[in-house]
Amino acid sequence: MLDGVDLDLMPGELVAVVGPSGSGKSTLLHLAGGLDLPEAGEVEVAGERLSGRSDAELARLRARHVGFVFQAFHLVAELSGEENVRLAARFGTRDAADRVAALIDAVDLRAVARSLPAQLSGGEQQRFAVARALVNDPTVILADEPTGNLDARSGATVLDLLRRSTDSGRAVLVVTHDPAVTARADRVLRLHDGSLA
Amino acid sequence: MRRALRRLRGRRRRVLTAAALTAAAGLAVGVAGTVGFSLATGYDRAAQRTDQPDVLGRFAPQRLSVLRERLDRLPNVEAISYRLEVNRVRLAANGQSKRNGAVHVVRPGRRGYGVVAGRDLGSRAGEALVERGVAEEWKLQVGDRIDVGGLGSLRIAGIALSVDNVAFPLATVPRIYVSEAEISRRFGADANPGVNLALVWLADPSRLDITLAAARPAVFGLRTEQLLTKRAVRQVIDQAAGIVIALLAVFGLVACACAGVMLAAASAAEVRRRAPALGVQRALGATRGAVVGDETLDAVLVAAPAAALGLGVGALAAAGPTANLLGFLNEVAPGSALLWPLAGAFAGLVTVAAAGAAWPAWRLNRKAVSELLRGGDLATGPAKRRRVPSGGLFGLGARFAFARRGRWTSTISALAVAGAAMLLVLAVADLLVSLRDDPGTLGRRYALTVPGEQRDARTIARIPGVAAAAQRSTVEAADSFSLTEPLRVIAYPGDHVPFEAPPLAEGRRLAADGEVEVGLGLADTLGLRPGSELAIQPAGSGELRFRVVGIVRALENDGRVVYARTARLRDADPSLGGPIAIRLASGADRADVVRRLDAAGFESSATGGATPRNRSFLGVLASVLRAVALAIGLVCLAAILQTLALTTRDRRRALAVMRATGAPPGALAAVLTGTAAALIVPAVVLAVLLQRFVLGPIVAELAASYATLPLGVGATGILLVGGGLAAIGAVAVLVVTRAATREPVAAGIERDD
């Protein structure tokens, strides 16, 4: 799927990856986050190599350094928005739970914090998903089409949140087709037939 | 069909999983069906095969001509055969021997037994038939020799089966058959040993009452010990196996319910998973009926061979232990007759699997095609907030379980029934032990007996540690009006309550010589109530009449007992005796009392329980119970495993997202533990209630309607079953967690299948 891809993400940088369907964008994100392992080559996150690690070690590494945002939000249907954020905080550092309330305020969702995903709009769900990605204060956020299922206004709000998250030195890698995202990216990379251009 | 096979080949792994589940369900049904059917029909088969007579009359030895003269004129009689039963004969063979053997001297005519190996007695000299139970216990074969007291060494010509009693060694008397010609050869043609058994076959068995009514005056004046009908024989044998049959019936119910739930849930989950594929078929123009038909055909093609395999293996596995149990009851295994119920079970399993696929496919296909293409779910409307405490990862697992309300309900129902059956197995095992060892279970309060006379009782009562002592006499008798009903009279010189006090079900305790308390078993048979008159005919004496003042729940002699005072019985039979029953003082040391009795010249025996002490039978019973408990445990494991597997399949994406956000394998295990707990905890509570208020009383009633069987739920039982289910749940969580974490995280996020 990917061939000869060499990508460095710098702290505080928002990088957008664009490309046609099937070009390997999602695979790039999965490899970067240790959700999949490469057949060849190396992936390092925050200076730590992913290859040769057990499932538990990879989980610890993701909890410390990686936050994910998905196009379809993927909130757990049985948990409220706040509980979804708290669920992710369980796997991070001890102070992660203390950040939950502040993050929900920051994404402006206090009023609907106890609502189930089915009772929320797409924009609200994605903001909870961003709060979930940020709760463990990760080194990098990997976002797969984060505005793909949202209207323009909600998309802009989510994009603001991702952009602001780089202020504290966090790197953000976004796979997108959305010109609004590429417009606010520090770098835009094109992926074609598994190769970066 | 070819297209269906191609479809199945395309998803080989899932097809194999579904087939394994169906085979497991078939296995459970196969075991339950084989044991249940064999035991339920074993007696009838044996009765048919052995040409069992409709009435068996036992008399004091008579000349053949005397009995013939009286019985040959009875109405509705097709045939009568006469035998002489000689008791207390020494039998020895193959290094085994018994001094209480019975030799049946058989005359020409219908036999009343079946020959299961070798051949029947013929004209050859020096031959005998041995009963199947004796042959199996003593490892005898046709052609071996058996030493018979008074007759010497005889060649075993065949092995015989008779269903007028349970088999040796469950029945304590070993039995053999020899021909009358053999007796004549040994003792001369003039030897006329007489007969004491009459085997009566009726022309119309449904008119038994007419023949019995005529038999009573016909045998008047003869010392009639017993007139046993086929129904009474069956009752005796059924009571020996009653608890086991009831238990196995419950197990069959559990196995079938669990199998149905497992199959239906698995088929439904498979159809739901394939919703997008169904959407594609619909989009390409397939009708709803065609899509449902395809899904049903697929389910049938998977279920049919798997169910056949499971049923076959289950039937084969159960056949051996069942044949052993039937052997103890002198019954016959079903052989090819088992094929019919197995065919029914096969049809049932395939139907459940087909319906489990057809119904959700039909429901899914009512949705818009576009919705199906997006993976439409059977759940309707948005998720509602459930009042479930958050409880962290465990709470999340519980919410996953509750989210599929139908599956949750059916699984805990299956687990609850299984748990209740396990509690029942434990209660029955406890009961068997206490029946064997604890005289208190029978309402007996005396702890020791010594041989002696009533005058010795006063001496014994003065020994320190003895609270009371009295002579306990027992008399075997029959009801005067219905000679087919044998009963046992237990008599004390005074009040029997200090020595044995079975609970009073109705009326009051006896207070005079002419009053009796009767067991519920006898009261039900004869229609006795307080105030009724009971006329009994003790063996070898005239009729005695008593007034019934109380009905008691007694286990001894299947509740066919009468408690009376000794006086009237002794008037009828001055030689009436019996051991001295000794009740110990509260806190007395039994060993110390035994030593003091020894010193006073009384050799004491400890009082035992009631069940057959035969180790082999108890061993077989215990192994059947253990097999049942193990099978129920396996069914529970399969049910929990399947529910957890279905939950992880449904929640594949949620679990993958958790792993993406850093959840270690332990966190997934915690979630699944919550799911398992949401199934097991309510199931255990329901199981306790079910056993306490439904299964326990039903089984107790089925096993012994004449007594109060202590089949309650103890703390130990609850702990064992709860702990067992928890352990089974832990195993299931480990297995499913391992399977879930083996998959790459990305696969769970990207695809929904």
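Caption draft 1: The arrangement of the pattern of salt bridges in detail. Residues and elements named next belong to chain A. Scanning the entire structure with this criterion turns up 32 salt bridges over all chains. Between Glu 48 and Arg 53 there is a salt bridge whose closest N-O contact spans 3.3 Å. Overlapping salt bridges bring together Glu 82, Arg 86, Asp 105 and Arg 110 as one network.

Caption draft 2: Summary view of a nonpolar patch on the surface. On the surface, a cluster of nonpolar side chains totalling about 610 Å² of accessible area is made up of Val681(B), Val685(B), Leu686(B), Leu689(B), Phe693(B), Val694(B) and Ile698(B). Accessibility expressed as a relative area gives 45% for Ile698(B), which makes it partly exposed.

Caption draft 3: Expanded view of the packing of aromatic side chains. In this structure the tally under the stated criterion is 5 aromatic pairs over all chains. Consider the rings of Phe68(A) and Phe70(A), whose centres lie 5.7 Å apart with planes at 5°: the pair is stacked. Each member of the pair Phe68(A) and Phe70(A) is classed as buried. On the numbers, 5.9 Å between centres and 85° between planes, the contact of Trp138(B) with Phe168(B) is edge-to-face. Taken as a pair, Trp138(B) in the loop between helix 4 (132–137) and strand 6 (145–148) and Phe168(B) in the loop between strand 7 (152–161) and strand 8 (175–179) lie far apart in primary sequence, 30 residues in all. The ring of Trp362(B) is capped by Arg288(B), whose NZ or CZ atom sits 5.0 Å from the centre of that ring. Positioned over the ring face of Phe693(B) is Arg692(B), at 5.0 Å from the centre of the ring.

Caption draft 4: Region of interest: the packing of helix 3 (residues 81–89) of chain A against helix 4 (residues 96–106) of chain A. Residue and element names in this part refer to chain A. Between helix 3 and helix 4, the least distance of the axes is 9 Å, while the angle of their chain directions is 150°. Here helix 3 is positioned roughly antiparallel relative to helix 4, judged by the angle of their axes. When you trace helix 3 past helix 4, the crossing you get is right-handed. Across the interface between the two elements, Glu 82, Val 85, Arg 86 and Ala 89 from helix 3 touch Ala 96, Ala 97, Val 100 and Ile 104 from helix 4. A class-by-class count of the residues in the contact of helix 3 with helix 4 yields 6 nonpolar, no polar and 2 charged.

The rules behind the values
- Every chain is numbered on its own, with residues counted from 1 as its sequence reads.
- Chains and ligands are labelled by the order in which they are written, letters from A for the one and numbers from 1 for the other.
- Local features in a predicted model are, by the rule used here, given only for residues with pLDDT of at least 70; side-chain atom pairs are given and counted only at 80 or more, and totals for whole chains, interfaces and linings are based on all residues.
- Side-chain metrics in this entry use all non-hydrogen atoms of the structure; hydrogen atoms and water are not considered.
- One side-chain nitrogen of Lys or Arg within 4 Å of one carboxyl oxygen of Asp or Glu is enough to make a salt bridge.
- The patches reported here contain residues having more than 30% relative accessible area and no salt bridge. Joining distances are 9 Å for like charges and 5 Å for nonpolar side chains (Val, Leu, Ile, Met, Phe, Trp, Tyr).
- For accessible areas, the Shrake-Rupley method is used with a probe of radius 1.4 Å. Any residue's cover is judged against the shown protein chains and nothing else.
- Using a 1.4 Å probe on the protein chains alone, a residue whose accessible area is under 20% of its type maximum counts as buried, one over 50% counts as exposed, and one in between counts as partly exposed.
- Any two of the Phe, Tyr and Trp rings considered here, Trp counted by its six-membered ring, make a pair once their centres fall within 6.5 Å; the pair's planes then place it as stacked at under 30 degrees, edge-to-face at over 60, or tilted in between.
- A run of H or I in DSSP becomes a helix once it reaches four residues, and a run of E becomes a strand once it reaches two; helices and strands are each numbered from the N terminus.
- Note on criteria: charge over ring means Lys NZ or Arg CZ within 6 Å of the ring centre, with the direction from the centre no more than 35 degrees off the ring normal.
- Fitted lines through C-alpha atoms serve as axes, helices being fitted only where they are in contact, and the angles separating the N-to-C directions of these axes extend from 0 to 180 degrees.
- Throughout, the term roughly parallel applies to angles under 35 degrees, roughly antiparallel to angles over 145, roughly perpendicular to angles from 65 to 115, and oblique to all others.
- Each crossing gets its hand from how the near helix is turned against the far one by less than a right angle, where anticlockwise is left-handed and clockwise is right-handed.
- By definition, residues are in contact when any of their heavy atoms lie within 4.5 Å.
- When residues are grouped by polarity, Ala, Val, Leu, Ile, Met, Phe, Trp, Tyr, Cys and Pro land in nonpolar, Asp, Glu, Lys and Arg in charged, and all others, Gly among them, in polar.

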